[in-house]
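Residue strings, one per chain:
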Amino acid sequence: MSTDRPVLVINAGSSSLKYQLVRPGSGASLATGLVERIGLDGGRVTHAAHGQEHATPVDVPDHHRAFEVLRAQFAEYGPDLAQEPPVAVGHRVVHGGSRFASTVLIDDEVLEALRRLVPLAPLHNPGNIAGIEVAREAFPDLPQVAIFDTAFHQTMPPAAYTYAVPRAWREEHGVRRYGFHGTSHDYVARRTAALLGRPAEEVAVVVLHLGNGASATAVLDGRSVDTTMGLTPLEGLVMGTRGGDLDPGVGGHLARVAGVGIEDFDRALSKESGLLGLTGSSDFREVMARRAAGDPDATLAFDVVVHRLVRYLGALALVMGRLDAVTFTAGIGENNAELRSAVLSRAGLLGIRLDESANGAADGEARISTVDSPVAAFVVPTNEEWEIARQAAALLEG
């Protein structure tokens, strides 16, 4: 980067506003914050800067007030935005559809296009849009940049993103696989290549982004060629409250035998399935503790999670035709050595030899395969905020 002026990274949801001030060149985080419970009782802001964290109850009726709170936190606790103004505001946007295949500068036309994409992500995009609208008012002199979770996956070939459904669904309603967690998969794949000492354009890696939301992506020579999430974030792996892959006939079956309507069905798939549906808890740490105590539901849930991961790991490796590395990231992927061991101990057919000692000791970026393993395995903490800042700054420089 020719300049390392910070980027203010915004992740706006319907009831929350996460922010971070990041130097795009070095990735240094100058401040982080979270405004919670927007439009609800019990609002709260947490701001961390200069090694200190401050938490304060606040009244936050809407996103306008949330940005006022954000600016007040910087004014009181630093760093001073007037002394070193951000070069841009970078916004995380969940769904860019097929319209947005890369990072874009936000103008009125882009904002209107985002509004038209709301039906593809009705739970996420409205909050993202609200954050953009208010940020443009709060920081009128700064470029506003949109970075899309779906953009990285726009390099998938038609065979990977096309569903075998009626033409009208595909052409008139945009029914296809889009994929998500793109900024994380992009960042982690490039870090994996760096750990291998090779250019990203020469590496085949499967990235396993395992958090409360989870997805796996085949990244071949720096490009996403297949991923597990689809039109929505419901497809693919088992997650905290989402069950992942499901026979589409389940919806019709439940409508006939139990009178389950489409809204109840959607809600159950998004908020009542996955680990929660299997165990009553969406917290993987609690599930692991219960499994260790012999709980049969937790044991089954762990086995289902591992089975789905192994199945997709093998499939994505075959899609690429070669494999140099497998990398675990996000909260569960970075912190649960037992899950990594369970997956990789079944991946010997792919040429992975797990180093159990290195896996158990992994803290931060770490190689967890043996030095003579034909295919490497890594843990790489994701850093989506740095990736957003980097892409925003790169767009402005370009």
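Residues numbered from 1 in each chain as written. Predicted model: local features only at pLDDT ≥ 70, side-chain atom pairs only at ≥ 80, totals over all residues. Heavy atoms only, no water.

Caption draft 1: Here's a closer look at helix 1 (residues 63-77). Between its first and last C-alpha, helix 1 extends 21 Å over 15 residues, near the 21 Å set by a 1.5 Å rise per residue. Of the positions making up helix 1, those classed as buried are His63, Ala66, Phe67, Val69, Leu70, Gln73 and Phe74. End-on view of helix 1: buried residues confined to an arc of 155°, all on one side of the axis. Facing away from the buried surface of helix 1 by more than 90 degrees, the exposed residues are Ala75 and Glu76. (Helix = DSSP H or I, 4+ residues; strand = E, 2+ residues; numbered from the N terminus. Expected span 1.5 Å × (residues − 1). Buried < 20%, exposed > 50% of the residue type's maximum accessible area, 1.4 Å probe, protein only. Arc of directions from axis to C-beta.)

Caption draft 2: Fine view of the packing of helix 10 (residues 284-292) against helix 11 (residues 296-320). Interhelical geometry of helix 10 versus helix 11 gives an angle of 120° and a closest axis separation of 8 Å. The angle between the axes of helix 10 and helix 11 places the two elements in the oblique class. As helix 10 runs across helix 11, the sense of the crossing is left-handed. Between helix 10, through Phe284, Val287, Met288, Arg290 and Arg291, and helix 11, the contact on the second element is made entirely by Asp297, Ala298, Thr299, Ala301 and Phe302. Of the residues contributing to the contact of helix 10 with helix 11, the split by class is six nonpolar, one polar and three charged. (Axes fitted to C-alpha atoms, helices over the stretch in contact; angles between N-to-C directions. Parallel < 35°, antiparallel > 145°, perpendicular 65-115°, else oblique. Left-handed = near helix turned anticlockwise from the far one by under 90°. Contact = heavy atoms within 4.5 Å. Nonpolar A, V, L, I, M, F, W, Y, C, P; charged D, E, K, R; others polar.)

Caption draft 3: Representation of the UniProt feature "binding site: Mg(2+)" (unreviewed entry) in the protein in the model. The sites that carry the UniProt feature "binding site: Mg(2+)" (unreviewed entry) are, in the present numbering, Asn11 and Glu384. The named residues occupy 374 residues along the chain; their greatest pairwise C-alpha distance, 10.3 Å, places them in one compact cluster. Note that Asn11 resides in strand 1 (residues 7-12). Setting aside anything within four residues of it in sequence, one finds Asn11 in contact with Ser16, Leu17, Lys18 and Arg92. (UniProt positions renumbered as here; feature names shortened; annotations may be inferred.)

Caption draft 4: Representation of the sheet that holds strand 14 (residues 376-379) within the structure. Across the sheet, six strands lie side by side as 11-10-9-12-14-13; this open sheet has mixed pairing. Both edges of this open sheet fall to strand 11 (223-227) and strand 13 (366-367), since each of them pairs with a single strand only. Across two bridges, the pairing between strand 13 and strand 14 is antiparallel. Counterpart to Arg367 in the pairing with strand 14 is Phe378. Sheet contacts for helix 6 (residues 182-196): strand 9 (204-210), strand 10 (214-220), strand 12 (325-329) and strand 14; angle to strand 9, the most-contacted strand, approximately 130°. (Pairing = 2+ DSSP bridges.)

Caption draft 5: Main features of the UniProt feature "site: Transition state stabilizer" (unreviewed entry) in the protein. As annotated in UniProt, the feature "site: Transition state stabilizer" (unreviewed entry) corresponds to His181 and Arg242 in the numbering used here. Relative to the helices and strands, His181 is located in the loop between helix 5 (167-173) and helix 6. Its relative accessible area of 10% is what places His181 among the buried residues. With residues up to four places along the chain from it excluded, the contact list for His181 reads Asp149, His153, His209, Gly213, Ala214, Ser215 and Met229. Assignment of secondary structure puts Arg242 in the loop between strand 11 and helix 7 (249-258). Not counting chain neighbours up to four residues away, the residues in contact with Arg242 comprise Gly213, Met229, Pro233, Leu234, Leu237, Leu269, Ser270, Ser273 and Gly274. Only 3.4 Å separates the side chain of Arg242 from the backbone oxygen of Pro233, close enough to count as a polar contact. (Polar contact = N/O pair within 3.5 Å; in protein donor to acceptor, adjacent residues only side chain to side chain.)

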